[in-house]
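Listed here are the chains, written in short residue letters.
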2 protein chains.
Amino acid sequence: MNRYESILKDVGLKRTDIRLRMLNIFMNSEIALSHHDVCEQLGDGYDKVTVYRNIYTFVNKGVLHETPNDGRSAKFACNLQDVSKTGAHAHFICEICGNTFCLQFRNSSELSLPGNFKVNHLSIVAQGVCSECDKNEKY
Amino acid sequence: MNRYESILKDVGLKRTDIRLRMLNIFMNSEIALSHHDVCEQLGDGYDKVTVYRNIYTFVNKGVLHETPNDGRSAKFACNLQDVSKTGAHAHFICEICGNTFCLQFRNSSELSLPGNFKVNHLSIVAQGVCSECDKNEKY
DNA sequence: GATTAGATGCAACTAATTTGCATTTAGATT
DNA sequence: AATCTAAATGCAAATTAGTTGCATCTAATC
Ligand SMILES: [Mn+2]
Ligand SMILES: [Mn+2]
Ligand SMILES: [Zn+2]
Ligand SMILES: [Zn+2]
């Protein structure tokens with residue numbers, strides 16, 4: 001039983017080809033992926049509705065999380081070992097390529113907000129230029 | 001010349017009925033509004049495409065800003081006097097009603113991130129329960 | 001009042017996501 | 001190993017969000 005098979009077993013989901021492939025895609029991506037991105041990487045022969053359903057199944061099971069996003073479509077990324085499981089990590093969105101990165105940076109959850117807001121979860125989103133885009137920028 | 005008329009004049013946009021109404025709607029809303037929300041408040045007789053175009057016109061002119069959002073559609077809110085103009089303010093998203101609130105809370109822009117990220121802009125998004133939803137919660 | 005850049009309205013389009021339902025299959029049970 | 005069934009998949013169709021093109025209209029300037 002490989003890494004992906006045991007994730008599926010752990011969260012109580014059936015072992016299917018598309019799920020193994022989706023896990024492989026997400027676990028090897030440095031950036032958060034949209035539904036469209038995943039379909040592209042899967043190639044032909046997989047149903048887009050099944051991909052949607054599995055993304056949300058994974059989110060519900062705590063395998064993936066939805067990231068803050070630029071643009072119009074939702075993006076998702078793996079929940080990594082320690083940091084992401086809690087959800088309490090920062091994100092970086094590149095203003096040039098639009099890629100979203102999960103950062104190994106814990107949000108300090110101490111923040112007193114004005115008003116009667118009960119804060120459960122704090123997220124920090126940084127925007128700027130990723131290293132790849134910084135390299136390619138023209139002067 | 002009223003408040004809304006002078007905003008339009010200031011940013012160099014023509015005074016039209018739908019724009020005045022849109023400004024009125026945004027300026028009197030405590031929460032960020034989606035295109036759909038705005039259309040609903042406008043009622044019949046206004047074209048949805050014109051609403052889209054005016055939202056983005058206002059964003060470009062610095063009258064509105066797009067907020068981080070839950071869910072699938074973009075949300076927008078007024079740029080308030082001091083704080084929001086810089087963009088450097090925090091947001092609160094209610095996990096129950098889904099409403100997004102702009103907070104009068106400046107983000108500290110001091111944050112050193114791991115990796116080679118050039119940070120231009122930092123945003124803090126808090127999630128939790130808004131006061132309205134807190135009131136109505138069943139125990 | 002005439003001019004015109006900018007604004008609006010309508011129709012048609014694309015993209016993103018959801019729903020319903022019939023069929024298939026993984027994994028448990030016998 | 002054959003049987004069973006809840007869960008998963010695939011296809012089609014619907015819905016929702018946002019965009020584009022173009023003809024018409026009008027606010028602001030002269
Ligand atoms: Mn993340
Ligand atoms: Mn805001
Ligand atoms: Zn980039
Ligand atoms: Zn709420």
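Scope of this entry: the structure provided in the associated data block. Remember, predicted model here, so these are calculated numbers, not experimental data.

## A few points about the overall build of chain A
A tally of regular secondary structure across chain A gives five helices and six strands. Listed by position from the N terminus, the elements making up chain A come as α-α-β-α-α-β-β-β-β-β-α. Across the 139 residues of chain A, 41% fall into the buried class. A fraction of 48% describes how many contacts in chain A between residues 6 or more apart in sequence connect residues 24 or more apart. With an accessible surface of roughly 7800 Å², chain A has 47% of that area assigned to carbon and sulfur atoms.

## As for the sheet that holds strand β2 (residues 64–67) of chain B
Residue and element names in this part refer to chain B. If you walk across this open sheet you meet the three strands as β1-β3-β2, and the pairing is antiparallel. Only two strands of the sheet have a single partner each, and these edge strands are β1 (33–34) and β2. The pairing of β1 with strand β3 (residues 75–78) spans two bridges and is classified as antiparallel. What sits directly across from Leu33, in β3, is Phe76.

## A few points about the coordination of the manganese ion (ligand 2)
All names here are of chain B. For the manganese ion (ligand 2), the protein coordination sphere consists of His65 (NE2), His89 (NE2), His91 (NE2) and Cys102 (SG), at 1.9 to 2.3 Å. One chain supplies every donor to the manganese ion (ligand 2), and in sequence these donors are spaced H-x23-H-x1-H-x10-C. With a gap of 26 residues between them, His65 in strand β2 and His91 in strand β4 (residues 89–94) connect regions that are remote in the sequence. Relative accessible area serves as the criterion here: at 4%, His91 is assigned to the buried category.

## Quick notes on the interface of chain A and chain B
Across the boundary between the two partners, chain A contributes 30 residues, which contact 31 residues of chain B. One salt bridge connects Lys118 of chain A with Asp134 of chain B, and the closest N-O pair in it is separated by 3.5 Å. One can count ten residue pairs in polar contact (both at pLDDT 80 or more) joining chain A with chain B. Of all the secondary-structure elements, those providing two or more residues to the side of chain A that touches chain B are β5 (100–106), β6 (118–129) and α5 (131–136) of chain A.

## Observations concerning the packing of helix α1 (residues 3–11) of chain B against helix α2 (residues 17–27) of chain B
Residues and elements named next belong to chain B. Direction vectors running N to C along α1 and α2 enclose 110°, while the axes themselves pass 9 Å from each other. Considering the angle they form, α1 stands roughly perpendicular to α2. At the point where α1 passes α2, the crossing takes the right-handed sense. Taking contact as the criterion, the partners of Arg3, Tyr4, Glu5, Ile7 and Leu8 in α1 are, on α2, Arg19, Leu20, Leu23, Asn24 and Met27. Looking at the contact of α1 with α2 residue by residue, the classes come out as six nonpolar, one polar and three charged.

## Considering the protein's contact with DNA strand D
By nearness alone, 20 residues border DNA strand D, and Thr16, Ile18, Arg19 and Arg53 of chain A together with Arg15 of chain B come closest of all. The sugar-phosphate portion of DNA strand D accounts for 63% of its atoms within 4 Å of the protein, the bases making up the rest. Here a phosphate oxygen of DNA strand D sits 2.8 Å away from a polar atom, N or O, in the main chain of Arg15 of chain B. Take Lys48 of chain B: an N or O atom from its side chain is 3.2 Å from a base oxygen of DNA strand D. Breaking the surface near DNA strand D down by element, the ones donating at least two residues are α2 (17–27) and α4 (48–60) of chain A together with α4 (48–60) of chain B.

What counts as what
Per chain, residue numbering runs from 1 following the sequence as it is written. By the order in which they are written, chains take letters starting at A while ligands take numbers starting at 1. Confidence filtering applies because this is a predicted model: local features only for residues at pLDDT of at least 70, side-chain atom pairs given and counted only at 80 or more, and all residues used for totals across whole chains, interfaces and linings. Water and hydrogen atoms play no part in the side-chain values, which are based on all heavy atoms of the structure. Helix and strand labels come from DSSP, where a helix needs a run of H or I of at least four residues and a strand needs a run of E of at least two; each type is numbered from the N terminus. Under the scheme applied here, a residue whose accessible area is under 20% of the maximum for its type counts as buried, over 50% as exposed, and between as partly exposed, the area being computed with a 1.4 Å probe on protein chains only. Should any heavy atoms of two residues lie within 4.5 Å, those residues are considered in contact. Computed with the Shrake-Rupley method and a 1.4 Å probe, the accessible areas treat only the protein chains shown as cover for residues. Should DSSP find at least two bridges between two strands, the strands are regarded as paired. Water is absent from the atoms considered, so a metal site may look incomplete; donors are defined as N, O and S atoms within 2.8 Å of the metal, or 3.2 Å for Na, K and Ca. Each reported salt bridge corresponds to a side-chain nitrogen of Lys or Arg within 4 Å of a carboxyl oxygen of Asp or Glu. What qualifies as a polar contact is a pair of N or O atoms within 3.5 Å, subject to a donor-acceptor requirement within protein and to the restriction that residues adjacent in sequence count only when both atoms come from side chains. Here the axes come from fitting lines to C-alpha atoms, over the contacting stretch only for helices, and the angles between their N-to-C directions go from 0 to 180 degrees. Throughout this description, any angle smaller than 35 degrees is read as roughly parallel, any larger than 145 degrees as roughly antiparallel, any in the 65 to 115 degree range as roughly perpendicular, and the remainder as oblique. Crossings are sorted by hand: turned counterclockwise from the far helix by less than a right angle, the near helix makes the crossing left-handed, and turned clockwise it makes it right-handed. Gly falls in the polar group here, along with every residue not listed as nonpolar (Ala, Val, Leu, Ile, Met, Phe, Trp, Tyr, Cys, Pro) or charged (Asp, Glu, Lys, Arg). Nearness of a residue to a molecule or strand requires only that one of the residue's heavy atoms be within 4 Å of it.

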